[in-house]
Amino acid sequence: EVLEHLKKDMRLRHIPVIMISAADQLESVVKCIELGAEDFLPKPFNATLLRARVSASLEKKGLRDLEETYRAQIIDEKKRIDTLLHSIIPSSAVAELKREGEVKPRHYDDVGILFCDIVGFTAYCDQNLPETVVGHLQSLIEAFEHTVDQFEMEKIKTIGDAFMATSGLLRPVEAPMLTAFRCGLEMSRIAQAMEPNWEVRVGLHVGPVVAGIVGKQQFLFDVWGDTVNIAARLVAHGSPGTVAMTESSWLGIQDDCHARSLGAIDIKGKGKLDVVEAYAIK
């Protein structure tokens, strides 16, 4: 009965048990072995033999405990790797990587590309302690990540103080441009509300991109194409708290937002483009 109780308890079931029984109780011995008894000695028992059996049982128990420790370490390591993967590449890409062993590069037709950077960040770095700069930046990036996820967008990466995200890439959304615009306004609001009350500029463009994973030692999920280049260059032209975009992109969401024209601006690699800055939802 004691043995049966031990083996049913997950905390106690691995404790080795040696049965000592009279020779005429063989049926009871067999039942105990079936229940999981480690060993058996007949009465009258020999103390030296019992000591040897106990030592052998404890050695096997020690090996079993070591195996459980290694198994727990493997599980913890797998969780850490999983967490690291999710911090490097979007969740849906992680799922494909686990399922297929790779993330195949693909062409996507209608993707919103959002860049956001902090106004005056370099001067702020020069005027504050490193731990203060990194602490505030970490809090802001975490808030941005949460906001991007709420809008069902994907964070791609941070480059210094610049934050890059996509809309309609790996997670389908009904209106990638409008979704990214709303997200950009919310990011501006969050930055203003958090210490040290940073102002941010946002650049946004929508169009085709190529996406995939590059690198071997430090791989990275990234997107490329003219759409990315335009969005990255627009970020410098908008006013803090607004979202800069080309007029052609704005025409697709003009019924949903208020905007003002910035005129024709020379965009590197594209020549002059008509640019607007959108500042509010209608």
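Presented here is an overview of the structure given in this document. (Residues numbered from 1 in each chain as written. Predicted model: local features only at pLDDT ≥ 70, side-chain atom pairs only at ≥ 80, totals over all residues. Heavy atoms only, no water.)

### Remarks on the overall build of the protein
Right, on to step 1. Counting its secondary structure elements, the protein contains nine helices and 10 strands.
Right, on to step 2. Along the first, second and third principal axes, the C-alpha atoms of the protein reach 105 × 45 × 35 Å.
Right, on to step 3. Every one of the 282 residues in the protein was classed for burial, and the buried ones make up 37%.
Right, on to step 4. Of the contacts made within the protein by residues no fewer than 6 positions apart, 60% connect residues no fewer than 24 positions apart. (Helix = DSSP H or I, 4+ residues; strand = E, 2+ residues; numbered from the N terminus. Buried < 20%, exposed > 50% of the residue type's maximum accessible area, 1.4 Å probe, protein only. Contact = heavy atoms within 4.5 Å.)

### Focus: the pairing of strand 5 (residues 162-167)
Moving residue by residue along a regular strand, the side chains alternate between the two faces of the sheet.
Right, on to step 1. Most of strand 5 is tucked away: six of the six residues are buried.
Right, on to step 2. On strand 5, burial covers both faces: A162, M164 and T166 on one face and F163, A165 and S167 on the other are all buried.
Right, on to step 3. Relative to strand 5, strand 3 (residues 106-118) runs antiparallel, the two sharing five bridges. Within strand 5, the position partnered with C116 by the bridge is F163.
Right, on to step 4. In terms of strand pairing, strand 4 (residues 154-159) meets strand 5 through five bridges, oriented antiparallel. Bridge pairing links I159 to A162 in strand 5.
Right, on to step 5. Connecting strand 4 to the next strand, strand 5, in antiparallel fashion are two residues, including G160 with a positive phi near 65°. (Pairing = 2+ DSSP bridges.)

### Details of the side chain of D222
Right, on to step 1. Examined against the element boundaries, D222 turns out to sit in strand 7 (residues 220-224).
Right, on to step 2. Residue D222 is classed as buried on the basis of its relative accessible area, which comes to 7%.
Right, on to step 3. Here the side chain of D222 touches K157 through a polar contact of 2.8 Å, side chain to side chain.
Right, on to step 4. Other than its neighbours up to four places away in sequence, D222 contacts I156, K157, M164, V210, A211 and G212. (Polar contact = N/O pair within 3.5 Å; in protein donor to acceptor, adjacent residues only side chain to side chain.)

### Regarding the environment of H107
Right, on to step 1. Its location among the elements puts H107 in strand 3.
Right, on to step 2. Under the relative-accessibility criterion, H107 is labelled exposed at 52%.
Right, on to step 3. Between the C-alpha atoms of H107 and K157, which are 50 residues apart in sequence, the distance is 19 Å.
Right, on to step 4. Residues within four places of H107 in sequence aside, it is in contact with P208, V209 and V210.
Right, on to step 5. Among the polar contacts made by the side chain of H107, one reaches the side chain of D109 at a distance of 3.3 Å.

### Here's the deal with the packing of helix 6 (residues 130-150) against helix 7 (residues 176-193)
Right, on to step 1. Relative orientation of the contacting elements helix 6 and helix 7 amounts to 150°, with a least axis distance of 10 Å. Between helix 6 and helix 7, the angle falls in the class roughly antiparallel. Classified by chirality, the crossing of helix 7 by helix 6 is right-handed. Of the residues in helix 7, those in contact with L140, A143, F144, T147 and V148 of helix 6 are C183, E186, M187, I190 and A191. (Axes fitted to C-alpha atoms, helices over the stretch in contact; angles between N-to-C directions. Parallel < 35°, antiparallel > 145°, perpendicular 65-115°, else oblique. Left-handed = near helix turned anticlockwise from the far one by under 90°.)

### A look at the side chain of T166
Right, on to step 1. Along the chain, T166 turns up in strand 5.
Right, on to step 2. At 2.5 Å, the side chain of T166 forms a polar contact with the side chain of E154.
Right, on to step 3. Beyond its immediate stretch of four places on either side in the chain, T166 contacts V111, G112, I113, M153, E154, I156 and V223.

### What to know about the pattern of salt bridges
Right, on to step 1. Enumeration over the complete set of coordinates arrives at 15 salt bridges.
Right, on to step 2. A salt bridge links D117 to R201, with the nearest nitrogen and oxygen atoms 3.9 Å apart. One end of the pair, D117, is in strand 3; the other, R201, is in strand 6 (residues 200-214), with 84 residues separating them in the sequence.
Right, on to step 3. You can call D117 buried: its relative accessible area is 17%.
Right, on to step 4. The salt bridge involving R189 is made with E186; its shortest N-O contact spans 2.6 Å. One end of the pair is R189 and the other is E186, both in helix 7 and three residues apart, which spans about a single turn.
Right, on to step 5. One continuous salt-bridge network, built from bridges that share partners, spans E67, E68 and R71. (Salt bridge = Lys/Arg side-chain N within 4 Å of Asp/Glu carboxyl O.)

### Examining the nonpolar core
Right, on to step 1. Of all hydrophobic cores here, the largest spans 36 residues; its most connected members are F144, F181 and M245.
Right, on to step 2. Put simply, the parts of the chain that give this core at least two residues each are strand 3, helix 5 (121-127), helix 6, strand 5, helix 7, strand 6, strand 8 (243-246) and strand 10 (271-281).
Right, on to step 3. Here the element with the most residues in this core is helix 7; it accounts for nine residues.
Right, on to step 4. By size, the runner-up hydrophobic cluster in this structure holds 16 residues, among which are Y108, V209, V223 and A231. (Core = buried A, V, L, I, M, F, W, Y, C linked by side-chain atoms within 4.5 Å.)

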